[in-house]
Amino acid sequence: QVHVMESGGGLVQSGGSLRLSCTVSGSILGLYTMAWHRQAQGKQRESVAVFTEAGTTEYAESVKGRFTISRDSAKNTIYLQMNSLKVDDTAVYYCNVDFIDSTTVRRANEWGKGTLVIVSS
C-alpha cells in the first residue's frame, strides 16, 4: 500500500508565503512524475506544478515566477514553495504521484487527500 501525505497548508495574508510538502511512503520501487494540483471551491481541479521523471519542471501560467516545485529523492518528498500569494490561490492543494508499486511491479498513480490553503486579502 502506498500513502501520499500533504502538509503545510494554512491561512496566510495576500503577499505572504507558504511551503507545502508531499511525502510518499509504502510499497514503492521507484518514483516518477510528481505534481501539485489544486481545486478551488466550485472549480475544476487544475495542474499547478510538475516535477517530471526527466527532472524538469513545469508550471501553470498563473503561478510562474511565484511558485517553485522541488524534490528530495532521498526522502521521497516534493515541495511547493509559494511566494507572493494571491487570494485567487485559495484552494485545496493535492499531490499526485506516478510510481512503481513493489507489490505488482507495475506503474501506478496515487493522489493525496489534500491540504487547504487560504489566502486572505
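Just above sits the structure.
Residues numbered from 1 in each chain as written. Predicted model: local features only at pLDDT ≥ 70, side-chain atom pairs only at ≥ 80, totals over all residues. Heavy atoms only, no water.

Q: Explain the state of the cysteines to me, please; I cannot follow it from the model alone.
A: Working definition of a disulfide: a covalent bond connecting the sulfur atoms of two cysteines. For the structure on display, the rule yields 1 disulfide. Between Cys 22 and Cys 95 runs a disulfide, and the two sulfur atoms are separated by 2.0 Å. Residues Cys 22 and Cys 95 share a disulfide whose torsion about the S-S bond is about -80°; that sign makes it left-handed. Residue Cys 22 is located in strand S3 (residues 18-26), and its partner Cys 95 is located in strand S9 (residues 91-101); the two are separated by 73 residues in the primary sequence. Just as Cys 22 is buried, Cys 95 falls in that class too. (Disulfide = S-S within 2.5 Å. Helix = DSSP H or I, 4+ residues; strand = E, 2+ residues; numbered from the N terminus. Buried < 20%, exposed > 50% of the residue type's maximum accessible area, 1.4 Å probe, protein only.)

Q: Looking at this structure, I do not really get the side chain of Thr 52. What am I missing?
A: Tracing the sequence through the fold places Thr 52 in the loop between strand S5 (46-51) and strand S6 (57-59). Judged by relative accessible area, Thr 52 falls into the buried class, the value being 12%.

Q: Please explain the side chain of Arg 66 as it appears in this structure.
A: Secondary-structure assignment places Arg 66 in the loop between S6 and strand S7 (67-72). A distance of 2.8 Å separates a polar atom in the side chain of Arg 66 from the backbone oxygen of Ser 62. (Polar contact = N/O pair within 3.5 Å; in protein donor to acceptor, adjacent residues only side chain to side chain.)

Q: Could you clarify how one ought to interpret the nonpolar core in this entry?
A: One recurring pattern in soluble globular proteins is that nonpolar side chains are buried together. Among the nonpolar cores identified, the biggest contains 29 residues, and Trp 36, Leu 80, Met 82 and Tyr 93 are the most heavily contacted of them. Elements supplying a minimum of two residues to this core: strand S1 (2-7), S3, strand S4 (28-39), S5, S7, strand S8 (77-82), S9 and strand S11 (115-120). Looking at which element gives the most residues to this core, the answer is S9, with 5 residues. Beyond its immediate stretch of four places on either side in the chain, Tyr 93 contacts Glu 6, Leu 20, Trp 36, His 37, Arg 38, Val 48, Phe 67, Leu 80, Met 82, Gly 114, Thr 115 and Val 117. (Core = buried A, V, L, I, M, F, W, Y, C linked by side-chain atoms within 4.5 Å. Contact = heavy atoms within 4.5 Å.)

Q: Looking at this structure, I do not really get the environment of Arg 19. What am I missing?
A: Tracing the backbone through its elements, the reader meets Arg 19 in strand S3. Of the residues examined, Arg 19 reaches a relative accessible area of 48% and is grouped as partly exposed.

Q: Any chance you could explain a nonpolar patch on the surface here in plain terms?
A: Together, Leu 11, Leu 116 and Ile 118 make up a nonpolar patch on the protein surface, roughly 290 Å² of accessible area in all. Counting through the fold element by element, Ile 118 comes out in strand S11. For Ile 118, a relative accessible area of 34% translates into the label partly exposed. (Patch = residues over 30% accessible without salt bridge, like charges linked within 9 Å, V, L, I, M, F, W, Y side chains within 5 Å. Areas by Shrake-Rupley, 256 points an atom, 1.4 Å probe, with all protein chains shown as cover. Salt bridge = Lys/Arg side-chain N within 4 Å of Asp/Glu carboxyl O.)

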